[in-house]
Amino acid sequence: MVSKKTILACVFLFGTLATLKAQQKDFHNWAKTPPMGWNSWDCYGPTVVESEVKANADYMSENLKAFGWEYVVVDIRWYLGNDKAHGYNETNPDYVLDEYGRFQPAVNRFPSAAGGKGFKPLADYIHKKGLKFGIHIMRGIPVEAVKRNLPIMGSKATAKEIYSTELQCKWLRDMYTVVAGRDGAQEYYNSLFQLYASWGVDFIKVDDLSRPYHTGEVEMIRKAIALTGRKIVLSTSPGETPIASASHVQEHANMWRTVDDFWDNWPMLKDHFEVFERWNKYRVSGAWPDGDMLPLGKIGIRAERGNPRMTEFTKDEQFTLMTLWTIFRSPLMFGGNLPENDAFTLSLLNNKEVINVLNHSSNNKQLFRNENGICWIADDPETGDKYLALFNPGDGDQPVEISVNLHDLGFNKACKVRDLWSRTDKGTVKGNFSASINKHGAGLFRISAIK
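Just so it is clear, the structure is predicted and the values come from calculations on it, not from any experiment.

Thresholds applied
- Per chain, residue numbering runs from 1 following the sequence as it is written.
- With pLDDT at 70 or above as the cut-off, local features in this predicted model cover only qualifying residues; side-chain atom pairs require 80 or more to be listed or tallied, and sums for whole chains, interfaces and linings still use all residues.
- The basis for every side-chain value is the complete set of non-hydrogen atoms in the structure, without hydrogens or water.
- Angular values range over 0 to 180 degrees, each being the angle between N-to-C directions of two axes fitted as lines to C-alpha atoms, with helices fitted over their stretch in contact.
- Starting at the N terminus, helices and strands are each numbered in turn, a helix being any DSSP run of H or I of at least four residues and a strand any DSSP run of E of at least two.
- Orientation labels follow simple angle bins: below 35 degrees gives roughly parallel, above 145 gives roughly antiparallel, 65 to 115 gives roughly perpendicular, and whatever is left gives oblique.
- Handedness of a helix crossing follows the sense of rotation of the near helix relative to the far helix, less than a right angle counterclockwise being left-handed and clockwise being right-handed.
- By definition, residues are in contact when any of their heavy atoms lie within 4.5 Å.
- Here the nonpolar group is Ala, Val, Leu, Ile, Met, Phe, Trp, Tyr, Cys and Pro; Asp, Glu, Lys and Arg are the charged ones; every other residue, Gly included, is treated as polar.
- Here a Phe, Tyr or Trp ring, Trp counted by its six-membered ring, pairs with any other such ring whose centre lies within 6.5 Å, and the pair is stacked when the planes are under 30 degrees apart, edge-to-face when over 60, and tilted otherwise.
- Categorising residues by exposure relies on relative accessible area from a 1.4 Å probe, with only protein chains included: less than 20% of the type maximum marks a residue as buried, more than 50% marks it as exposed, and the intermediate range marks it as partly exposed.
- Strands qualify as paired when DSSP identifies two bridges or more between them.
- Expected span of a helix, by definition, is 1.5 Å for each gap between consecutive residues, and there is one gap fewer than residues.
- Residue ranges assigned to each domain were obtained from an automatic or database domain assignment.
- Buried area: the accessible area, evaluated with a 1.4 Å probe, that two parts lose upon being put together, summed over both parts.
- Salt bridges are identified by distance alone: a Lys or Arg side-chain nitrogen within 4 Å of an Asp or Glu carboxyl oxygen.
- In protein, a polar contact means a hydrogen-donor-capable atom and an acceptor-capable atom, both N or O and within 3.5 Å, with residues adjacent in sequence counting only if both atoms are side-chain atoms; elsewhere, any N or O pair within 3.5 Å suffices.

Quick look at the packing of helix H3 (residues 50–63) against helix H4 (residues 120–128) now. Here H3 crosses H4 at 15 degrees, and the two axes come no closer than 10 Å. On the basis of the axis angle, H3 is roughly parallel to H4. Viewed along their axes, H3 and H4 form a crossing whose handedness is right-handed. Between H3 and H4, the residues in contact are Glu50, Val53, Lys54, Ala57 and Asp58 and Leu122, Tyr125 and Ile126, respectively. Of the residues assigned to the contact of H3 with H4, the class counts are five nonpolar, no polar and three charged.

This part covers the packing of aromatic side chains. On inspection of all chains with the given rule, the structure shows 28 aromatic pairs. When the ring of Phe273 is compared with that of Phe391, the centres are 5.1 Å apart and the planes differ by 75 degrees; the resulting orientation is edge-to-face. In this pair, Phe273 sits in helix H9 (residues 266–279) while Phe391 sits in strand S16 (residues 386–391), placing the two residues 118 residues apart along the sequence. Phe391 shares its class with Phe273; the two are buried. Measuring from centroid to centroid gives 5.4 Å for Phe319 and Phe344, while their planes differ by 90 degrees, and the two rings are edge-to-face. Linking Phe319 in helix H10 (residues 315–328) with Phe344 in helix H11 (residues 343–349), this pair joins segments that are 25 residues apart in sequence. You can call Phe319 partly exposed: its relative accessible area is 22%. For Phe344, a relative accessible area of 16% translates into the label buried.

Before going further, it helps to spend a moment on the sheet that holds strand S15 (residues 374–379). The strands that make up a sheet are held in pairs by hydrogen bonds between backbone atoms, and each pair lies either parallel or antiparallel. Pairing within the open sheet is antiparallel, and its six strands lie in the order S14-S15-S16-S21-S18-S19. Two strands close off the open sheet at either side, each with one partner strand: strand S14 (362–369) and strand S19 (424–429). Going from strand to strand, the sheet's axes swing by 25 degrees on average, the running direction of each strand aside. As defined by bridge partners, S16 adjoins strand S21 (residues 442–449) across six bridges and the pair is classed as antiparallel. Paired with Tyr387 across the two strands is Arg446, which belongs to S21.

On to the environment of Ile221. With respect to the helices, strands and loops of the structure, Ile221 is situated in helix H7 (residues 215–228). Exposure remark for Ile221: the relative accessible area of 0% places this residue in the buried category. Taking the C-alpha atoms as reference points, Ile221 and Phe368, separated by 147 residues in sequence, lie 39 Å from one another. Apart from residues lying up to four places away in sequence, Ile221 is in contact with Tyr189, Phe193, Val206, Leu209 and Leu234.

Given 3.6 residues per helical turn, the α-helix brings residues three or four places apart onto the same face. Counted at 1.5 Å a residue, the expected span for H3 with its 14 residues is 20 Å, and the 20 Å between its end C-alpha atoms agrees. All of the buried residues along H3 are Glu50, Glu52, Val53, Asn56, Ala57, Tyr59 and Met60.

Interhelical geometry of helix H6 (residues 185–199) versus H7 gives an angle of 45 degrees and a closest axis separation of 8 Å. When the axis of H6 is compared with that of H7, the two are oblique. The chirality of how H6 crosses H7 is right-handed. Across from Ala185, Gln186, Tyr189, Asn190, Phe193, Gln194 and Ala197 in H6, the residues of H7 making contact are Glu217, Met220, Ile221, Lys223, Ala224, Ile225, Leu227 and Thr228. A breakdown of the residues in the contact of H6 with H7 according to their chemical character gives nine nonpolar, four polar and two charged.

On to the domain arrangement of the protein chain, then. Taken domain by domain, the protein chain comprises domain 1 (27–360) and domain 2 (366–449). Here the C-alpha centre of domain 2 lies 34 Å away from the C-alpha centre of domain 1. Counting residues at the interface gives 25 residues for domain 1 and 25 residues for domain 2. Between domain 1 and domain 2 lies a buried interface of about 2300 Å² when both sides are counted; carbon and sulfur atoms form 60% of it. When the buried surface of domain 1 facing domain 2 is broken down by residue, Phe273, Ile327 and Glu353 rank first, second and third, together holding 27% of it. A salt bridge links Glu353 to Arg418, with the shortest nitrogen-to-oxygen separation between them at 2.7 Å. Inspection of the domain 1/domain 2 interface yields nine residue pairs in polar contact (both at pLDDT 80 or more). Listing elements by their share of the side of domain 1 that touches domain 2, those giving two or more residues are H9, H10, H11 and helix H12 (352–360). Residues of the side of domain 1 that touches domain 2, tallied by class, amount to eleven nonpolar, eight polar and six charged.

If you want it as structure tokens, here you go:
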């Protein structure tokens, strides 16, 4: 006779497997549109503190939530009490770990984490604002956990039994690789994400997954998220994910990096035209190639790179950045200190007509690239209208006239044109539409057939 205990165990197992299978199937629904939020990296590097996170959440709630901005993300090394700007403290790092080798927030930087509360109080604060909370982690298991040979929660294994020094991150030595398939390896990742779920985390940026692409750890992370029962959006980072792994990352993550860290200089921005064209065919709803954060507004306050500054992009270059990310449908993670936004910076973030292109356009693609400029197009599936993005990447001092044959967009009759950035109607055109675009500038238009 089968015991009641065995029956209950089987019910629990089948229920867990059903939950896992369902979440592995539908996790793309957690990010049906490109995620939009703020990340602490560009302005605070590895040194952000709780009051700064709250100040950015307060600003987002008051000024940007209504436009779809929702994630507040604490970036790298929140578990260190003595990190620094312009690099990392790897000389005498003050790590904070629990008894299972899982990093905890440094209390001197995040006072609400005292008493073993972790990030839950901060997540609660952000959730009460109607926003979502995210964190950054490094792939692998802490070197410190291996040194102490700490136990793995939910397993008989210890840290020394699941790690490898192979493929250790070259630019930050906090972690060792977790070897997929070893006893305790999956349990380690399960314990991590169970902890994060208990804190109320909604978004995880996992670093050092892409170069080279760590298939085994990506799969363990995906499974661990599913087992939590919480809708945690997964972002993989950094560097360009190998094209050969495009299908795999699309099946396991909600967003993945297409470039190395992106900063406020024109050559880096110009490179994105080729990068986005290369990645365009791999975008599906819920799985988004990520052009990296938006280094706009006040950045470099205590960052890895540069000194405190308003972005060094010109206004025209800022229009290009926002237009290109929008027409490509990249996630938008703002990097500046939101409370220090000026009116122009805010205007880049609260334009409903532009955000509608990001969220609801389809068939996005480059139409042409020639000596005059670059053109991307997309459809409005609800109205049949077309979105038209024109770019002048040239270095000439004078504006360039860029012309588009409306027949190539499917219009054989007169059309109405609306400038989405200026929110003004530009009249009626037939045959061709032309716009004068400044050096390194862009325009974004809606083309509508006259009924």
